[in-house]
Amino acid sequence: MMNIAANAQNKKADKEINLLLSANASKRAQFGAGKISDALYQSGYVAKTIVGGKSAAKSVTIVIGKLDDDICRNEIAQNKIAIEKQPGKEGFVIKQISSSKILVAGADESGVLYGSLALTDSIKKNNKVPEKLNVTDQPEMVLRGACVGLQKPAYLPGRNVYEYPYTEETFPWFYDKKLWLQYLDSLVSYRLNSLYLWNGHPFASLVKLKDYPYAVEVDDATFKKNEEMFTFLTEEADKRGIWVIQSFYNIIVSKPFAERNNLKTQDRNRPIIPIIADYTRKSIAAFVEKYPNVGLLVTLGEAMEGVGQDDIDWFTKTIIPGVQDGLKALGSNRQPPIVLRAHDSDAPSVMKYALPLYKNLYTMAKYNGEALTTYTPRGSWAELHRTLSRIGTVHIENVHIMANLEPFRYGSADFIQKCVQAMHNVYEANGLHLYPEASYWDWPYTADKSSPRLLQIERDWIWYKTWSRYAWNCHRDRGGEINYWGGELGDKYGCDLLQGKNILEAYEQAGEIAPKLLRRFGITDGNRQTLTLGMLMPQLINPNRFGLFTLLYTSESPEGEMLIEYADREWKHQPHVGETPVQIAGEVVEHGRKAKEAIDKAASSVTKDKAEFERLRNDVYCYDALARSYSEKAIAALSVLRYKYSKDNADLETALDHLKKSVDAYEELTNLTNDTYLYANSMQTSQRKIPIRGVDGTFKTWKECLPVYQQEYNYLKKNIDSLKTSSQAVKIKTQPVILKNAPVKLLSKVEGEYVVGSGASVFSDTASAITGYAPEIKDLKGIRFSRTEQKKSGTEVTFKSDKAVKVVVGFFKIKDKANYLAPSDLETDATANDLGQADIKLANALSVAGFPLLNIHTFSFPAGTNTLKLSKGACLVLGFIDGSTDVPRYNAGVGITGENEDVDWLFEK
């Protein structure tokens, strides 16, 4: 084209290339030109940037600007250049004008940037300025973003979930400008145009309010640093075409504000009160006035009552007016984006009332919950996404948390491409919000046991690059993509294309394992389950006991069967439907075998980054062991479930054999992770419950879980031996712990009291009486409420006790929010276990005539005056017991007979 040799050692005048920009070139255009200049220099050229001038007649020139800039329009007119297709938002054209001139023209400032980056990539790949350029391109998705959590694996002392002020002690990396530049450079290289910062209540770290000066959570020196860092971050992001979007939860207030006004920082059951509304509105206004180029991501649910008029009122009467107040103070009508999360709220209803008030609105919902399970989403969850997409604003898909992938590397280009296609075709969405692949709560580090610690943005480059590549264009040919990723991986590890494809094959085979396991055997799509740590046998054979989240199976999985459904149909000789547990048990083992085979083929050819390759190879081996452990345990579970019907000890003997193989495979997994990983899950609070509750950072490693699984095997073996000595299949279970009344003084008015027993009336406005009860709760002193009032206003009782107590509460086993109170739900409420209330203690513990069966939960309170406050819906407050009482978790079996009886006792002491 130019007859210019790329010789970095001989940069003479005839190797010079002029970069011509318009006089009013934006920072994005200048940034893009700088990237072209760097690439030219590395390829042996001398680049000279000219802003607002003219290039010498004989000089080779790259003209850079917007299509409607004078310099671009003049070149197009003078050279009669045909623009076959006008690029849309963020789009660009790169045209060969002559043998000595190239045009890089964008539809807007970001288009100029992306066109410059496209030319930069081409120069780097070819080590010269490419010939015969004729490129037109633009992204398919409007918003393409990643996120960083200003949150931690554990709560800060004296604080609750999501409450993390911006300080150097808590987030030292936040003040590291070099790290931020590295991160922002990686985002722009992937063509991402948004960066979300997640925090519960950031305002008290970033703004000061005239009316609430005491609400600031950081000292003056830290506040000044926060101002500087936020300004630096937003300005550097803007150069790269990146919107910074600050998230916050509702309703959360700062700790000093709460203490001054004798309030809790967050209370899900608290109604909107004027002082909190005023404080929040003024906080948002001050933030918008101070940082007008920053968007807001709003989570209405989780820290306030999930669905109802409060959501609408809070968004339309507090949040949007706060933004408008800030714009008014600025004298600006340029609306920053507000993104409304659908999480735990009726987002369609909220948007109906919000759109007339504010136009620059977006919606967001989780793609596969807090996991990655399928590229064939369906059901009610898909319908919600489509409803939001059809409102008329851009709907964003949030690839959130990845609780089933942590902590291993993930890079299945095939799976991810199909997911993005589903975002468009099934959900009708046009935006991506990408969480880190693992260790979200431990940003910027990974869980790898290494010194120095690995950075997520470096280790998980392929995670970011794949999602970003398909957010830009998800319709790329599969054959071409295999070659593309094979080349990328070959370049990274210093091997040829064939071996790069083997590495890709390993990624893609391993990439099927975790999604398939969770969608066929899991309890939840949320981060209360860490899939890679395994599952207990009772969780497999009795998932309802552990808070089964049915959306995982009805929306975030292909049509198919759970273990309990498969066992029932198998015994009754009924046809199976869709994807089955037996099918998946076999498929994941085969995926593991093929992944190991592929990664081993490439191993001898690796010449670069060998240490990272070996870490990747170990992850593949981990996935293989995980697949075999789950597969054998699933088959064991089916044999146990068959025993429910057959009462044949031979079924348990079969289960024992498979369970032994599962434990052996898990021991392999433990050995593979002992010296390579610090933890499996970066969320290390009591919210993490499956397989084992993660209190104070416990049960976060495979080494901690292995003895539990070995114990399960031993219990089953022992119980089989016990059954052999009995003429009947006698249930062997923990002796009941009789719950005894603890002395309390009721301070609030109640409708009356009753003693738990047959014939006792439990509501003041119905005659329904207890018909059955577990011996554990007999003679507890219950409190009688009006069922009508419970449905209308909720349940509240204030009491005083000299010692710590637990309140025993019965929840009806029915999903009917209009009439019955649902138990605390960690899927939507991060505070749902703050009082130990999330676990079912006694399942099927009580029956009341004309009502569903009840499960027992307990709420823990310290000595002193306390209030139990529950949301709207019928429930039973069955009494108070000593706070030190350890209530074993099992099925009391009231009203349950025959094949519906549980067999969890086979695996418990």
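Keep in mind that this is a model prediction, so the values were computed, not measured.

(A) Representation of the side chain of Ser 22. Locating Ser 22 in the fold gives a position in the loop between β1 (16-21) and α1 (27-42). Residue Ser 22 is classed as buried on the basis of its relative accessible area of 8%. Polar contacts involving the side chain of Ser 22 include one to the side chain of Asn 24, which spans 2.9 Å.

(B) Structural detail: the pattern of salt bridges. What the rule picks out here adds up to 57 salt bridges. Across the salt bridge formed by Asp 448 and Arg 409, the nearest N and O atoms sit 3.0 Å from each other. One end of the pair, Asp 448, is in the loop between β14 (431-434) and α13 (456-459); the other, Arg 409, is in the loop between β13 (394-399) and α12 (413-425), with 39 residues separating them in the sequence. Residue Arg 409 is classed as buried on the basis of its relative accessible area of 4%.

(C) Local environment of the packing of aromatic side chains. As enumerated under the stated definition, the model contains 46 aromatic pairs in all. Consider the rings of Phe 174 and Tyr 175, whose centres lie 5.2 Å apart with planes at 90°: the pair is edge-to-face. Measuring from centroid to centroid gives 6.0 Å for Tyr 410 and Trp 463, while their planes differ by 80°, and the two rings are edge-to-face. You can see Tyr 410 sitting in the loop between β13 and α12 and its partner Trp 463 sitting in helix α14 (residues 461-472), a full 53 residues away along the chain. Grouping aromatic residues by their ring pairs yields a cluster made of Tyr 164, Tyr 166, Phe 171, Trp 173, Phe 174, Tyr 175, Trp 180, Tyr 183 and Trp 443. One Lys or Arg, Arg 260, reaches over the ring of Tyr 214 and ends 4.1 Å from the middle of that ring.

(D) Structural view of the sheet that holds strand β19 (residues 795-801). Sheet architecture is open: three strands sit in the order β15-β19-β23, paired in antiparallel fashion. Edge positions in the sheet fall to β15 (745-746) and β23 (864-870), since each has one partner strand and no second.

(E) Expanded view of the packing of helix α22 (residues 610-646) against helix α23 (residues 649-674). Between α22 and α23, whose axes approach to 8 Å, the crossing angle comes to 165°. Between α22 and α23, the crossing angle belongs to the class labelled roughly antiparallel. The handedness of the crossing between α22 and α23 comes out as left-handed. In terms of residue class, the contact of α22 with α23 is made up of 15 nonpolar, nine polar and seven charged.

(F) View of helix α11 (residues 379-389). Those residues of α11 that sit buried are Trp 381, Ala 382, His 385, Arg 386, Leu 388 and Ser 389. Projected onto a plane normal to the axis of α11, the buried residues spread over an arc of 165° and lie on a single side. Looking at the buried residues of α11, the elements they touch are α10 (347-354), β12 (361-366), β13 and α19 (551-554).

(G) Spatial organisation of the pairing of strand β4 (residues 92-98). Taken across its seven residues, β4 has five buried, putting it largely inside the fold. Relative to strand β5 (residues 101-106), β4 runs antiparallel, the two being bridged by six bridges. When the sheet's bridge partners are listed, Ser 98 is paired in β5 with Lys 101. Inspection of the sheet shows β4 paired to strand β6 (residues 134-137) by four bridges, in the antiparallel sense. Paired with Phe 92 across the bridge in β6 is Asp 137.

(H) Local environment of the packing of α14 against helix α15 (residues 478-493). Here α14 crosses α15 at 155°, and the two axes come no closer than 13 Å. Classified by the angle their axes make, α14 and α15 are roughly antiparallel. Our pair here, α14 against α15, has a crossing hand that is right-handed. On α15, the residues that touch Trp 461, Ile 462, Lys 465, Thr 466, Arg 469 and Tyr 470 of α14 are Glu 481, Tyr 484, Trp 485, Glu 488, Leu 489 and Lys 492. Split by residue class, the contact of α14 with α15 holds six nonpolar, one polar and five charged.

(I) A look at α12. In a regular helix each residue adds 1.5 Å, so 13 residues correspond to 18 Å; α12 covers 18 Å between its end C-alpha atoms and thus fits that length. Burial of α12 is extensive: 10 of the 13 residues sit out of reach of the surface. Residues of α12 that are buried include every one of Ala 413, Asp 414, Phe 415, Ile 416, Gln 417, Cys 419, Val 420, Ala 422, Met 423 and His 424, and no others. Those residues of α12 that are buried lie in contact with β13, β14, α14, α15, α16 (497-510) and α17 (513-521).

(J) Examining the state of the cysteines more closely. Tallied over the full model, the rule gives zero disulfides. Cys 622 provides the cysteine sulfur closest to Cys 705, a residue in no disulfide bond, and the two sulfurs are 14 Å apart.

(K) Representation of the sheet that holds β5 in the model. With mixed pairing, the six strands of this open sheet are ordered in space as β2-β1-β3-β5-β4-β6. Each edge of the open sheet carries a strand with a single partner, namely β2 (46-51) and β6. The mean inter-strand angle of the sheet, taken between neighbouring strand axes irrespective of direction, is 20°.

(L) Fine view of unusual backbone geometry. The omega torsion of the bond from Ser 451 to Pro 452 falls at -5°, within 30 degrees of zero and hence cis. Here Pro 452 lies in the loop between β14 and α13. A cis amide bond links Ile 690 to the next residue, Pro 691, at an omega of 10°. Within the element layout of this structure, Pro 691 appears in the loop between α23 and α24 (702-724). Phi at Asp 779 takes a positive value of approximately 75°, unusual for a residue other than glycine. Turning to its location among the elements, Asp 779 is positioned in the loop between β17 (770-773) and β18 (781-784). You can call Asp 779 partly exposed: its relative accessible area is 39%.

(M) Seen up close, the pairing of strand β22 (residues 854-861). Of all the eight residues making up β22, seven are buried; the element is thus mostly covered by neighbouring parts of the structure. Two elements, strand β20 (residues 805-812) and β22, share eight bridges in a ladder whose sense is antiparallel. Bridge pairing in β22 places Gly 810 opposite Ile 856. Between the end of strand β21 (residues 842-848) and the start of β22, which pair antiparallel, lie five residues, with Gly 850 showing a positive phi angle near 85°.

(N) Here's a closer look at the nonpolar core. Core analysis: the biggest nonpolar cluster contains 182 residues, and Trp 180, Phe 315 and Trp 467 have the highest contact counts within it. Residue contributions to this core peak at 16 residues, all from α22. Excluding residues that lie within four positions of it along the chain, Phe 315 makes contacts with Val 298, Leu 300, Ile 320, Pro 321, Ile 338, Leu 340, Val 350, Ala 354 and Leu 361. One finds Leu 21, Ala 39, Tyr 45 and Ile 102 within the second-largest nonpolar core, a separate group that totals 28 residues.

(O) Quick peek at the environment of Val 350. As for its placement among the helices and strands, Val 350 is situated in helix α10. Using a relative accessible area of 1% as the deciding quantity, one classes Val 350 as buried. For the pair formed by Val 350 and Leu 340, sequence separation is 10 residues and the distance between their alpha carbons is 8.9 Å. Filtering out sequence-adjacent residues up to four positions away, Val 350 remains in contact with Leu 300, Asp 311, Ile 312, Phe 315 and Leu 340.

Cut-offs applied
- Residues numbered from 1 in each chain as written.
- Predicted model: local features only at pLDDT ≥ 70, side-chain atom pairs only at ≥ 80, totals over all residues.
- Heavy atoms only, no water.
- Helix = DSSP H or I, 4+ residues; strand = E, 2+ residues; numbered from the N terminus.
- Buried < 20%, exposed > 50% of the residue type's maximum accessible area, 1.4 Å probe, protein only.
- Polar contact = N/O pair within 3.5 Å; in protein donor to acceptor, adjacent residues only side chain to side chain.
- Salt bridge = Lys/Arg side-chain N within 4 Å of Asp/Glu carboxyl O.
- Phe/Tyr/Trp six-rings, centres within 6.5 Å; stacked < 30°, edge-to-face > 60°.
- Lys NZ or Arg CZ within 6 Å of the ring centre and 35° of its normal.
- Pairing = 2+ DSSP bridges.
- Axes fitted to C-alpha atoms, helices over the stretch in contact; angles between N-to-C directions.
- Parallel < 35°, antiparallel > 145°, perpendicular 65-115°, else oblique.
- Left-handed = near helix turned anticlockwise from the far one by under 90°.
- Nonpolar A, V, L, I, M, F, W, Y, C, P; charged D, E, K, R; others polar.
- Arc of directions from axis to C-beta.
- Contact = heavy atoms within 4.5 Å.
- Expected span 1.5 Å × (residues − 1).
- Disulfide = S-S within 2.5 Å.
- Core = buried A, V, L, I, M, F, W, Y, C linked by side-chain atoms within 4.5 Å.

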